[in-house]
Amino acid sequence: DTTLKWLAYLMLFELAPLFSSLLLLARNGVACANQFAPYQLHADNEIKLASLIGVRQLAYMLSGCGLAIYLAVASLIAGIVYAKPRYLFEEWQQLLAQLPLSLWLSLPCKTAVFCGVITWCCCLAGVFSSRRRHASLATSRAVFSSLTAVFLLDGLWAVFWPLDA
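Residues numbered from 1 in each chain as written. Predicted model: local features only at pLDDT ≥ 70, side-chain atom pairs only at ≥ 80, totals over all residues. Heavy atoms only, no water.

Draft legend 1. Geometry of the overall build of the chain. In terms of regular secondary structure, the chain is built from six helices and zero strands. In sequence order, the secondary structure elements of the chain are arranged as α-α-α-α-α-α. For the chain, buried positions account for 38% of its 165 residues. When contacts within the chain are restricted to residue pairs at least 6 apart in sequence, long-range pairs at least 24 apart make up 82% of them. In the structure as shown, the chain presents an accessible area of about 9200 Å², 69% of it carried by carbon and sulfur atoms. (Helix = DSSP H or I, 4+ residues; strand = E, 2+ residues; numbered from the N terminus. Buried < 20%, exposed > 50% of the residue type's maximum accessible area, 1.4 Å probe, protein only. Contact = heavy atoms within 4.5 Å. Areas by Shrake-Rupley, 256 points an atom, 1.4 Å probe, with all protein chains shown as cover.)

The following block contains the structure:
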């Protein structure tokens, strides 16, 4: 069914990476910027400080990828159940056979890039805030810079890795 195929393309290529990245930004990004705000550092000490105060960049990226895969698979199963509930397994197998491998690979790659950029932007916003009293400014800067970077990367991703439907 073409409707389920287009739902799969939309979820795997666009919505799941964006939603999971935005959820990661809302949950972890603001906390990252707040944790770094009291410290006055140079950029070369950022990684050392991150490990000292418990900011795990790799864990943030991997949790974002897991969330994106969960969102994509759950929405596809829900779409199949809504469209053809009696033929769930047959439709799922047919849908998996129709989707190219590049689409499945773009989901974790895109999400890992987005989550890495979000973590990096939030850590830098916290590091370069002047003092603890500017923590709210650091979190606002972190959210704005992260959203800007993610939307620019999403546009570039669509240009350089086009969707072959």
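Back to the text.
Draft legend 2. Expanded view of the packing of aromatic side chains. Tallied over the full model, the rule gives one aromatic pair. Measuring from ring centre to ring centre gives 5.7 Å for Trp6 and Tyr9, while their planes differ by 40 degrees; the resulting arrangement is tilted. On the criterion of helical spacing, the pair formed by Trp6 and Tyr9 is a turn pair, its members being three residues apart in helix α1 (residues 2–36). Residue classification places Tyr9 among the buried positions, given a relative accessible area of 4%. Lying over the aromatic face of Phe13, Lys110 brings its terminal NZ or CZ to 4.4 Å of the ring centre. (Phe/Tyr/Trp six-rings, centres within 6.5 Å; stacked < 30°, edge-to-face > 60°. Lys NZ or Arg CZ within 6 Å of the ring centre and 35° of its normal.)

Draft legend 3. Structural detail: the nonpolar core. Leu12, Ala16, Leu95, Leu99, Leu103 and Leu107 are the most contacted members of the largest nonpolar core, which totals 16 residues. For this core, the secondary-structure elements that each account for two or more residues are α1, α3 (57–83) and α5 (101–127). The leading source of residues in this core is α1, at seven residues. Ignoring sequence-local partners within four residues, the contact set of Leu107 consists of Leu12, Ala16, Pro17, Ala68, Ile69 and Ala72. (Core = buried A, V, L, I, M, F, W, Y, C linked by side-chain atoms within 4.5 Å.)

Draft legend 4. Structural context of a nonpolar patch on the surface. Taken together, the side chains of Phe19, Leu22 and Phe151 define a hydrophobic patch exposed on the protein surface, amounting to about 270 Å² of accessible area. Secondary-structure assignment places Phe19 in helix α1. On the accessibility criterion, Phe19 (42% relative accessible area) is partly exposed. (Patch = residues over 30% accessible without salt bridge, like charges linked within 9 Å, V, L, I, M, F, W, Y side chains within 5 Å. Salt bridge = Lys/Arg side-chain N within 4 Å of Asp/Glu carboxyl O.)

Draft legend 5. Molecular detail of the environment of Ala72. Note that Ala72 resides in helix α3. Linking Ala72 and Leu15, residues 57 residues apart in sequence, is a C-alpha distance of 8.1 Å. Discounting residues that sit within four places of it in the chain, Ala72 has contacts with Met11, Leu12, Ala16 and Leu107.

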